[in-house]
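Understanding the architecture of this molecule
Each chain, letter by letter, is given below.
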Amino acid sequence: MFQKILIANRGEIALRVLRACKELGIQTVVVHSTADSDAMHVRLADESVCIGPPPSRESYLNIHQIVAACEITGADAVHPGYGFLSENAKFADILAAHNITFIGPSGDHIRIMGDKIEAKRTAKRLGIPVVPGSDGAISEEKEAKRVAAEIGYPVIIKASAGGGGRGMKVAHTEADLEVALQTAKSEAGAAFGDDAVYIEKYLEKPRHIEVQVFGDGAGRGVHFGERDCSLQRRHQKVWEEANSPALNAEERSRIGGICARAIADLGYSGAGTIEFLYENGEFYFIEMNTRLQVEHPVTEAITGIDLVHEQIRVASGGGLSVRQEDIKFNGHAIECRINAEDPRTFTPSPGTITHFHTPGGLGIRVDSGVYSGYKIPPYYDSLIGKLIVHGRNRVECMMRLRRALDEFVVDGIKTTLPLFRDLVGNPDIANGDYDIHWLEKYLAKGE
Ligand code: ADP
């Protein structure tokens, strides 16, 4: 087992990883920018190293500084959290070259899944169902038209290097295709420095369902069931559930089994999430994330298994603590992402939190790095906390969520809490009857 882990992240996820390390008796080092000297992860860690000024590229994305911090403190492993360097294959390779363990998959697996065209090809080869579309990158309009006619309109053009919901364009007819292709290419080039795009069938009313998988790196793969992340705004998840209200046990075990086998065949190591769109009873692979997800706590709530413990065990060579048959799904869990944003316009609302009071009681978990008097710096993601609620079934979970949202107090800044208070009372949400476009339509109506 590791002696000392360096956490290369900030906010709630830095704290989340820190808690797992403390439970396992592992020393912790955190790195931080000058804007985060007062952050909770800095206060609670055994050691901290300031690695640079506020902009992420000069601190949280600064590989040299982070490697230096490992050497200075003698950390033998790095947990990257999510975002920042968590899906940076070069970072994983550099750490390996310095004999520091990257708590995550190999650089090669990150590379494959980071290139969406390659990821889709790999998924197909491993027997995972994919969205019908082009076999590789498309650059000519003629070829785009041929593929689109074959799969049928509407189609979506996506950046191979894409992420965070950027670089996607929908074409409803052949007339839209040329503009969509050119805009997607130039946006992809500008945002990711790679203008490769591909085409796939645009699904009109899908749900976003993702399967949590783990590989032990030695040919064993397991799944931890699925999460439903269909409630999205601008392709960003807002509310997540486990299990999905749309799946039954048979479908869960079928898609879970396919994913676990694929992970085993790949020889994958650590946590991963295989994302699908789900429509009319069919699953269509869209991408795989090779890291811990923001929404992992809903899976922890229904399985009772600490996924960060598992990541650390696997990375240290200790293997998984569970076999597939040990993983049972208990009840229902929902996560609300609480952002420092206006609940209607979603403009960021940094500033000082004058009062912060979190709900408690049975089935309630709050993961957050903020506190009363904390000043939210304007440089980073606006996520300030996550409320995760567990109940014996979805009805009990929703009742408890409503109560927990009433208890939650964040003063001094605007947050997305009022949006969740509205959603929890909505009949479609109560019935679990929503697709990936539901939230945008709801917000457009201004109800
Ligand atoms: P990113 O890596 O940028 O998040 P994804 O491929 O995961 O990109 O897609 C993000 C979101 O975009 C999905 O959750 C879904 O809402 C939408 N999307 C992606 N592909 C399709 C598709 N073929 N049809 C309809 N919507 C799609």
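As the structure is a prediction and not an experimental result, all values here were calculated from the model. (Residues numbered from 1 in each chain as written. Predicted model: local features only at pLDDT ≥ 70, side-chain atom pairs only at ≥ 80, totals over all residues. Heavy atoms only, no water.)

As a further point, take the nonpolar core. Counting residues in each nonpolar core, the largest one holds 38 residues, and the members touching the most others are Trp239, Leu387, Leu401 and Leu423. The residues touching Leu401, leaving out its near neighbours within four places in the chain, are Trp239, Ile334, Cys336, Leu387, Val389 and Val424. Counting 32 residues, the second largest nonpolar core, distinct from the first, contains Ile5, Leu18, Leu320 and Val322. (Core = buried A, V, L, I, M, F, W, Y, C linked by side-chain atoms within 4.5 Å. Buried < 20%, exposed > 50% of the residue type's maximum accessible area, 1.4 Å probe, protein only. Contact = heavy atoms within 4.5 Å.)

Taken in spatial order, the 8 strands of this open sheet run S13-S12-S9-S10-S11-S14-S19-S17, and their pairing is antiparallel. Edge positions in the sheet fall to strand S13 (282-289) and strand S17 (364-368), since each has one partner strand and no second. This sheet shows a mean twist of 25° between the axes of neighbouring strands, independent of strand direction. Judged from the 8 bridges that link them, strand S14 (residues 332-339) and strand S19 (residues 383-391) form a sheet pairing that is antiparallel. Across the sheet, the residue bridging to Ile334 is Val389, located in S19. Docked against the sheet, helix H15 (residues 438-445) engages strand S10 (221-233) and strand S11 (236-242), running at close to 20° with respect to S10. (Pairing = 2+ DSSP bridges. Helix = DSSP H or I, 4+ residues; strand = E, 2+ residues; numbered from the N terminus. Axes fitted to C-alpha atoms, helices over the stretch in contact; angles between N-to-C directions.)

Right, let's talk about the domain arrangement of the protein for a bit. Each assigned domain of the protein is listed here: domain 1 (4-103), domain 2 (132-201) and domain 3 (207-446). A straight line from the C-alpha centre of domain 2 to that of domain 3 covers 29 Å. Counting the contacts that link domain 2 with domain 3 gives 0 salt bridges. Between domain 2 and domain 3 we count 0 residue pairs in polar contact (both at pLDDT 80 or more) in total. (Domains from an automatic or database assignment. Salt bridge = Lys/Arg side-chain N within 4 Å of Asp/Glu carboxyl O. Polar contact = N/O pair within 3.5 Å; in protein donor to acceptor, adjacent residues only side chain to side chain.)

Bringing the pattern of salt bridges into the picture now. All chains considered together, the criterion is met by 37 salt bridges. The partner of Arg10 in a salt bridge is Asp36, and the shortest N-O contact between them spans 2.6 Å. Here the residue Arg10 occupies a position in the loop between strand S1 (4-7) and helix H1 (11-23), and Asp36 occupies one in the loop between strand S2 (27-33) and helix H2 (40-44), the gap between them amounting to 26 residues. On the accessibility criterion, Asp36 (0% relative accessible area) is buried. Salt-bridge contacts for Arg146 lead to Glu150; the nearest nitrogen and oxygen are separated by 3.4 Å. Of the two residues, Arg146 and Glu150 are both situated in helix H7 (residues 141-151); the distance of 4 residues between them amounts to about one turn of the helix. Taking the relative accessible area as the measure of exposure, Glu150 reaches 62% and is therefore exposed.

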